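Tertiary structure, described
Given next are the chains, with one letter for each unit.
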Amino acid sequence: MAVTGLVFIGYVLLHMYGNLWAFSGQEAFDDYAHHLRELLTPMLPYGGLLWILRVVLLASLVGHAAAAFALWSRAAKARDRRYAVKKVVTATLSSRTMRWGGVALLAFVIFHILHLTTHTINPGGDPESPYLRLVGSFQVWWVAVIYLLAMLALGMHIRHGAFSMLQTLGLTDNRRRYRVAHAVGLVLAIVVAGGFALVPLGVLLGIVTT
Amino acid sequence: MNLTLKIWRQPNGSATGEMVTYPITDVSEDMSFLEMLDVLNERLTAEGEEPVAFDSDCREGICGMCGLMINGVAHGPEVTTTCQLHMRSFSDGDVVTIEPWRASGFPVLRDLAVDRSAFDRIIDAGGYVSVNTGAAPDAHATPVPKENAERAFDAATCISCGACVAACPNGSASLFLGAKITHLAELPQGQAERHTRVLNMVHQHDLEGFGGCTNIGECTAVCPKEIPQDVIATLNKDMRHALWNRV
Ligand code: HEM
Ligand code: SF4
Ligand code: FES
């Protein structure tokens, strides 16, 4: 769970950084998308690195979900009869929504791949340029809303997930490091979710245009 | 004060239980929570009804026998044991729900009394030091740095009450495990068996049917000894070292 989660955190940081090229205009963004496919060529074939990434991400996703469902079913078995009254004393909303939040993120990732990778869903038309595709989509209000809501879910998932990863790896074995791990979770959540949200917000506000 | 109690009644482990409502009057705010239940039980006995079964022993907050889910919080509204909770924490007219610890690893024996021998088996699996440490040696025969000594001592205050399991949304006993692992891991005497200890205790924990930790933190919030979350990090770290050592 922790190791695959770390893969995702690294990936979303890179992905978020890449998206910000949208603020530099069509040429810069499309060049970036093109360069992604040329990285490490000719050592790898065109798009090779991207395919390696996809395999690693898919394997991580399978591992992450399998571990999550194993924990979920263990928890259900560990308390076979529920309390009539059970209060939450301190748990954060993020920590209590990891499971359903994770399911929501999975649904978003599927939507997202159908939208921007396979071009199966084309709400903003189907132009060749990745930039025009991105901007055209976010000009459709409900597409932007879906992405913004997904980023809220992602931020909450990372807020607890990043902290929990550090704890599971056993790196927080004194009170100071434990507090630092909580801060790391909060900062990563704001940077990643906030950074991703800038692009749809930029389109909605007319800062990023075709 | 007058209260309405809603108490889990279950005649034995295999019976299906139910919540039963008992009004109780003239409760003094100086009574402990268990004394309030004693008063109820005297009345029930006089009326020819079965008294409510619950566990307690020292009634001083040190043995860990008592433990009730009170209004959805393990050991009730104060950070202490159920026996050290007083009725001044409640007010006139309150409805108080009282349930046993709910965990598959702690089967209900009767009413509010559960079988916590799963914890004994986890300790049997490695929560000790095998060598004979002999009679009390000179205090500084084996020097222990202050921070380690203090952390070991804080972890050693765990009284095995099981509130952490009761509060955990995953039904995990990781806080209890972490406390026992940290207690011995911080001391020189605990080093020789450090790796086998963590492997065997975690294995037994899982066999008992307790869930896996997802670092939610409800356990520490209700722990009467305020065992901190970082003991679970020590548990995870020892687990990581022990697993790596086996490769
Ligand atoms: C506002 C947020 C996001 C935007 C604007 C966005 C945008 C994009 C774009 C434009 C692509 C296609 C890149 C290309 O064709 O070269 C892409 C691919 C991808 N995104 Fe996102 N993304 C967002 C959030 C996320 C999140 C939160 C995740 C996962 C947790 C994610 C996972 C992926 C994956 C896995 C791919 C690659 C699919 C593939 O090529 O196989 N994205 N994203
Ligand atoms: S860690 Fe705290 S709550 Fe858990 S058994 Fe020990 S004293 Fe009780
Ligand atoms: S009866 Fe001993 S701790 Fe409560």
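Residues numbered from 1 in each chain as written. Chains lettered and ligands numbered in written order. Predicted model: local features only at pLDDT ≥ 70, side-chain atom pairs only at ≥ 80, totals over all residues. Heavy atoms only, no water.

1. Considerations on the overall build of chain A
Across its full length, chain A carries eight helices and zero strands. Counting from the amino terminus, helix and strand elements in chain A follow one another as α-α-α-α-α-α-α-α. By its C-alpha atoms, chain A is 55 × 40 × 35 Å across when sized along the principal axes. Looking at chain A as a whole, 37% of its 210 residues qualify as buried. Taking as baseline every contact in chain A between residues at least 6 positions apart, the subset at least 24 positions apart corresponds to 68%. (Helix = DSSP H or I, 4+ residues; strand = E, 2+ residues; numbered from the N terminus. Buried < 20%, exposed > 50% of the residue type's maximum accessible area, 1.4 Å probe, protein only. Contact = heavy atoms within 4.5 Å.)

2. Comments concerning the overall build of chain B
Across its full length, chain B carries eight helices and seven strands. Among the 247 residues that make up chain B, the fraction classed as buried is 51%. For chain B, long-range pairs separated by at least 24 residues make up 68% of all intrachain contacts whose partners lie at least 6 apart in sequence. Carbon and sulfur atoms make up 51% of the accessible area of chain B, which amounts to about 10900 Å² in all. In chain B, which carries 18 positive and 33 negative side-chain charges, the distance between the mean positions of the two groups comes to 7 Å. (Areas by Shrake-Rupley, 256 points an atom, 1.4 Å probe, with all protein chains shown as cover. Lys, Arg positive; Asp, Glu negative; His and termini not counted. Charge placed at Lys NZ, Arg CZ, Asp CG, Glu CD.)

3. Side note on the site of ligand 2
Taken together, B:F119, B:C158, B:I159, B:S160, B:C161, B:G162, B:A163, B:C164, B:L175, B:C223, B:P224 and B:I227 make up all the residues around ligand 2. Residue composition of the shell around ligand 2, grouped by class: ten nonpolar, two polar and no charged. (Near = heavy atom within 4 Å. Nonpolar A, V, L, I, M, F, W, Y, C, P; charged D, E, K, R; others polar.)

4. Overview of the site of ligand 1
All names here are of chain A. In the vicinity of ligand 1 lie 18 residues, with Y11, H15, R37, R54 and H112 positioned nearest. R37 is positioned such that a nitrogen or oxygen atom in its side chain is 3.1 Å from an oxygen atom of ligand 1. Between ligand 1 and the protein, one listed contact pairs an oxygen atom with a side-chain N or O atom of R54 at 2.8 Å. Sorting the residues of the shell around ligand 1 by element identifies α1 (2-19), α5 (98-117), α6 (130-138) and α7 (141-168) as the ones contributing at least two each. The leading source of residues in the shell around ligand 1 is α5, at six residues. Per-class residue counts for the shell around ligand 1 are twelve nonpolar, four polar and two charged. (Polar contact = N/O pair within 3.5 Å; in protein donor to acceptor, adjacent residues only side chain to side chain.)

5. What to know about the packing of aromatic side chains
Residues and elements named next belong to chain A. Following the criterion strictly, the structure yields 14 aromatic pairs over all chains and no others. Pairing F163 with Y178 gives two aromatic rings, centres 5.4 Å apart and planes at 90 degrees, and the pair type is edge-to-face. Placement of the pair is F163 in helix α7 and Y178 in helix α8 (residues 175-204), with a sequence separation of 15 residues. The residues F163 and Y178 share a single accessibility class, namely buried. Taken together, the ring pairs in this structure connect F108, F111, F138 and Y147 into an aromatic cluster. The cationic tip of R54 hangs over the ring face of W51; the distance from NZ or CZ to the ring centre is 4.7 Å. (Phe/Tyr/Trp six-rings, centres within 6.5 Å; stacked < 30°, edge-to-face > 60°. Lys NZ or Arg CZ within 6 Å of the ring centre and 35° of its normal.)

6. Focus: the side chain of A:H160
By secondary structure assignment, the location of A:H160 is in helix α7. Separated by 2.9 Å, the side chain of A:H160 and the backbone oxygen of B:T214 make a polar contact. Not counting residues up to four positions away in its chain, the partners in contact with A:H160 are A:S94, A:S95, A:M98, B:T214, B:N215 and B:I216.

7. Remarks on the sheet that holds strand β2 (residues 18-24) of chain B
Residues and elements named next belong to chain B. Read across the sheet, five strands follow the order β2-β1-β5-β3-β4 without closing on themselves; strand pairing throughout is mixed. This sheet does not close on itself; its edge strands, each paired only once, are β2 and β4 (73-74). Bridge analysis of strand β1 (residues 3-9) against β2 gives seven bridges, and the strand direction is antiparallel. Within β2, the position partnered with K6 by the bridge is T21. The sheet strands contacting helix α1 (residues 33-46) are β1, β2, β3 (69-70) and β5 (95-99), and the helix crosses β2 at an angle near 90 degrees. (Pairing = 2+ DSSP bridges. Axes fitted to C-alpha atoms, helices over the stretch in contact; angles between N-to-C directions.)

8. Thoughts on the domain arrangement of chain B
Residues and elements named next belong to chain B. Partitioning chain B into structural domains gives domain 1 (3-110) and domain 2 (116-132 + 144-246). Each of domain 1 and domain 2 was reduced to a C-alpha centroid, and the two centroids are 28 Å apart. Domain 1 puts 17 residues into the contact, and the matching count from domain 2 is 19 residues. Inspection of the domain 1/domain 2 interface yields zero salt bridges. On the surface where domain 1 and domain 2 come into contact, there are three residue pairs in polar contact (both at pLDDT 80 or more). (Domains from an automatic or database assignment. Salt bridge = Lys/Arg side-chain N within 4 Å of Asp/Glu carboxyl O.)

9. Quick notes on the coordination of the iron atom of ligand 1
Residues and elements named next belong to chain A. Within the protein, the iron atom of ligand 1 binds to H15 (NE2) and H112 (NE2); these donor distances fall in the range 1.9 to 2.1 Å. Seen from the iron atom of ligand 1, its six donor atoms lie at angles of 77 to 179 degrees, and the figure they make is irregular. Pair noted here: H15 is in helix α1 and H112 is in helix α5, with a separation of 97 residues, a long-range link. (Donors = N, O, S within 2.8 Å, 3.2 Å for Na, K, Ca; no water. Tetrahedral: all angles 85-135°; square planar, octahedral: opposite > 155°, others 65-115°.)

10. As for the packing of helix α6 (residues 194-207) of chain B against helix α8 (residues 230-246) of chain B
All names here are of chain B. One way to put it is that α6 packs onto α8 with a least axis distance of 9 Å and a crossing angle of 110 degrees. With respect to each other, α6 and α8 are oriented roughly perpendicular. Here R194, H195, V198, L199 and V202 of α6 come into contact with α8, specifically with L235, D238, M239, H241, A242, L243, N245 and R246. Residues of the contact of α6 with α8, tallied by class, amount to seven nonpolar, three polar and three charged. (Parallel < 35°, antiparallel > 145°, perpendicular 65-115°, else oblique.)

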